[in-house]
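Examining the three-dimensional arrangement
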Amino acid sequence: MSTLHSPEKHRVMLVDDQKLIRQGLASLLSLSAHIEVTHEAADGEEALAWIKAHGSDIDIILLDLRMPKMNGIQLLQAMRAENIKIPVLILTTFDDHNMLLEALKAGARGYLLKDVELEMLVSGIERIVAGESMIQPTITTSLLNGLQGLHSEFEAFAAPEALSAKELEILRLIAAGCSNKEIADALFKSEGTVKNQVSAIMAKLGVRDRTRAVLRAIELGLIGFC
């Protein structure tokens, strides 16, 4: 699938082995004025071949995890090996914390279930293209429940610098799925200030993005969910 690109829209590649799912997602996303599906692939092998040849033509990949030939995690690993930096949002029917950890370790920037509301999916795409991360709050809770005895193996300092009470408050809002703007509104701060504080939190935890900051904080027992 290929269409003429509008510069005002985020260009999305759908990678899912079910054609009806791809068609449904493409139809739903066409309702957004800021999103367009410009390419589709039925498995990881097909996606990787196209990305290696035309990766500059897309802004984000919506990726299923369980597919024949090459699954989503294998595609992420292959992209990392090829130094392909297109941001990836996992979109799957499986709320499985083990697969979530593997996908995040392999480089995914976010993770949503396929029954997510269109508004959250569009928000997730926009936030990831803007350099943020997106994990559905219910999945984060499931991840917390399944982390006992697991090791996330993310890059992090052995003894991270202590976070202030305000930084922990921001981290809890990140874990709840809030964007920088939503955090700024909630704490009566400027979006720029929040962005700087988020960067400071990631530096203290020794991680490279918001998703890993939340997972590292959960692992350390700094934050939790009711």
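Residues numbered from 1 in each chain as written. Predicted model: local features only at pLDDT ≥ 70, side-chain atom pairs only at ≥ 80, totals over all residues. Heavy atoms only, no water.

Residues Gly-44, Ala-47, Leu-48, Trp-50 and Ile-51 constitute the buried set of helix H2 (residues 44–54). As for H2, its buried residues are in contact with strand S1 (10–15), strand S2 (35–41), strand S3 (60–63) and helix H3 (72–81). Two or three places before Glu-45, at the opening of H2, Asp-43 has a side-chain oxygen 3.0 Å from that residue's backbone nitrogen. (Buried < 20%, exposed > 50% of the residue type's maximum accessible area, 1.4 Å probe, protein only. Helix = DSSP H or I, 4+ residues; strand = E, 2+ residues; numbered from the N terminus. Contact = heavy atoms within 4.5 Å. Polar contact = N/O pair within 3.5 Å; in protein donor to acceptor, adjacent residues only side chain to side chain.)

Residues Ile-60 and Leu-62 line one face of S3 and the alternating positions Ile-61 and Leu-63 line the opposite face, and both faces are buried. Relative to S3, S1 runs parallel, the two being bridged by 4 bridges. Residue pairing in the sheet places Met-13 in a bridge with Ile-61 of S3. With 3 bridges connecting them, S3 and strand S4 (residues 88–92) associate as parallel partners. Bridged to Ile-61 within S4 is Val-88. What joins S3 to S4 is H3, and the crossover it makes is right-handed. (Pairing = 2+ DSSP bridges. Right-handed = clockwise from strand over helix to strand, strands pointing away.)

Two faces, one strand: in a regular strand the side chains alternate between the faces of the sheet. For S2, the tally of buried residues reaches 7 of 7 residues, placing the bulk of the element in the interior. Running through helix H1 (residues 19–29), the crossover from S1 to the neighbouring parallel element S2 is right-handed.

The next subject is the side chain of Glu-167. Following the sequence through the fold, Glu-167 ends up in helix H7 (residues 165–175). Among the polar contacts listed, one links the side chain of Glu-167 to the backbone nitrogen of Ser-164, at a separation of 2.9 Å.

Should pLDDT be low for a region, the predicted coordinates there are not to be read in detail. Per-residue confidence for the chain gives a mean pLDDT of 82; residues scoring 70 or more make up 84%. Of the regions scoring below 50 in pLDDT, residues 1–5 engages in 11 contacts with residues more than four places distant in sequence or in other chains. (pLDDT = per-residue confidence, 0-100.)

With that settled, consider the environment of Val-15. With respect to the element layout, Val-15 can be found in strand S1. Separated by 49 residues in the primary sequence, Val-15 and Asp-64 have C-alpha atoms spaced 6.1 Å apart. Beyond its immediate stretch of four places on either side in the chain, Val-15 contacts Ala-41, Asp-43, Ala-47, Ile-61, Leu-62, Leu-63, Asp-64, Met-67 and Leu-75.

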